[in-house]
Amino acid sequence: MIIQEILKRGKSKSMSVETGVGSTGEAHLAVLDGKKYLLRICKDKETAEKYLDYYHKFKKYKFFPRLIEEKDHYVLFEFIDGRRCSENESPRVIR
């Protein structure tokens, strides 16, 4: 289980602290053996289920990162390095 390994010997830090993005503090950049992941540490299992429902509902549109694993209130996604798009971006950049 990758989540257990990240919690035991990996490193993680809140994305909202690092980037100033996100108000819940649930999204974390996790690193294990040099590989980056997006680890969402939810306040409870119900919140984790909500994110999983969104993922399964919208995965056919391919704008969510790939789901790697989920356990209790943890949800682990692939990490996609890049920059954040905003409303001020040109439509060409957003596409």
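For the structure, see preceding data.
The structure contained in this document is the topic of the report that follows. Since the model is a prediction, treat every value here as computed from it, not as a measurement.

Cut-offs used in this document
- Residues numbered from 1 in each chain as written.
- Predicted model: local features only at pLDDT ≥ 70, side-chain atom pairs only at ≥ 80, totals over all residues.
- Heavy atoms only, no water.
- Salt bridge = Lys/Arg side-chain N within 4 Å of Asp/Glu carboxyl O.
- Helix = DSSP H or I, 4+ residues; strand = E, 2+ residues; numbered from the N terminus.
- Buried < 20%, exposed > 50% of the residue type's maximum accessible area, 1.4 Å probe, protein only.
- Pairing = 2+ DSSP bridges.
- Axes fitted to C-alpha atoms, helices over the stretch in contact; angles between N-to-C directions.
- Contact = heavy atoms within 4.5 Å.
- Expected span 1.5 Å × (residues − 1).
- Polar contact = N/O pair within 3.5 Å; in protein donor to acceptor, adjacent residues only side chain to side chain.
- Core = buried A, V, L, I, M, F, W, Y, C linked by side-chain atoms within 4.5 Å.
- Phe/Tyr/Trp six-rings, centres within 6.5 Å; stacked < 30°, edge-to-face > 60°.
- Lys NZ or Arg CZ within 6 Å of the ring centre and 35° of its normal.

**Notes on the pattern of salt bridges**
In step 1: Taken as a whole and judged by the stated rule, the model has 6 salt bridges.
In step 2: The shortest N-O distance in the salt bridge between arginine 9 and glutamate 5 comes to 2.6 Å. Residue arginine 9 and its partner glutamate 5 are located together in helix α1 (residues 2-9), separated by 4 residues, close to a single helical turn.
In step 3: Residue aspartate 33 pairs with arginine 9 through a salt bridge whose shortest N-O separation is 2.9 Å. Note that aspartate 33 is positioned in the loop between β2 (27-32) and β3 (35-41) and arginine 9 in helix α1, a separation of 24 residues in sequence.
In step 4: Assessed through its relative accessible area of 49%, arginine 9 is described here as partly exposed.
In step 5: The network of salt bridges with common partners includes Glu5, Arg9 and Asp33.

**What to know about the sheet that holds strand β5 (residues 74-78)**
Consider a sheet: its strands pair through backbone hydrogen bonds, and that pairing is either parallel or antiparallel.
In step 1: Overall, antiparallel pairing links the 5 strands, which are arranged β1-β2-β3-β5-β4 in an open sheet. Each edge of the open sheet carries a strand with a single partner, namely β1 (11-14) and β4 (67-71). Across this sheet, the average inter-strand angle for adjacent strands is 25°, counted without regard to direction.
In step 2: As paired strands, β4 and β5 are joined by 4 bridges and run antiparallel to one another. The partner of glutamate 70 across the bridge, within β5, is valine 75.
In step 3: Each of β1, β2, β3, β4 and β5 touches α1; the most contacted strand, β4, lies at about 75° to it.

**Describing helix α3 (residues 45-58)**
In step 1: With 14 residues, α3 extends 20 Å between its outermost C-alpha atoms, agreeing within 8% with the 20 Å of an ideal straight helix rising 1.5 Å per residue.
In step 2: Summarising the contacts, the buried residues of α3 are in contact with β3, β4 and β5.
In step 3: Where α3 starts, the residue carrying a side-chain oxygen 3.3 Å from the main-chain nitrogen of glutamate 46 turns out to be aspartate 44.

**Examining the nonpolar core**
In step 1: Residues Met15, Ala27, Leu29, Leu38, Cys42, Ala48, Tyr51, Leu52, Tyr55, Leu67, Val75 and Phe77 constitute the largest nonpolar core, which totals 12 residues.
In step 2: Broken down by secondary-structure element, the contributors of at least two residues to this core are β2, α3 and β5.
In step 3: A total of 4 residues in this core trace back to one element, the largest contributor, which is α3.
In step 4: Of all hydrophobic cores here, the second largest spans 8 residues; its members include Ile6, Ala30, Leu32 and Leu76.

**Comments concerning the packing of aromatic side chains**
In step 1: Under the defined criterion, the tally for this structure stands at 4 aromatic pairs.
In step 2: Each ring, one from tyrosine 55 and one from phenylalanine 77, has its centre 5.9 Å from the other, and the planes form 55°; the classification is tilted. Taken as a pair, tyrosine 55 in helix α3 and phenylalanine 77 in strand β5 lie far apart in primary sequence, 22 residues in all. With respect to burial, tyrosine 55 and phenylalanine 77 carry one shared label: buried.
In step 3: Aromatic pair phenylalanine 58 and tyrosine 61: ring centres 6.4 Å apart, planes at 40°, arrangement tilted.
In step 4: On the accessibility criterion, tyrosine 61 (52% relative accessible area) is exposed.
In step 5: One aromatic cluster in this structure is built from Tyr55, Phe64 and Phe77.
In step 6: Over the ring of tyrosine 51 we find arginine 40, and its NZ or CZ is 4.2 Å from the ring centre.
In step 7: Positioned above the aromatic ring of tyrosine 51 is the side chain of lysine 50, whose terminal nitrogen or guanidinium carbon lies 5.1 Å from the ring centre.

Distances and angles like these do not, on their own, reveal function.
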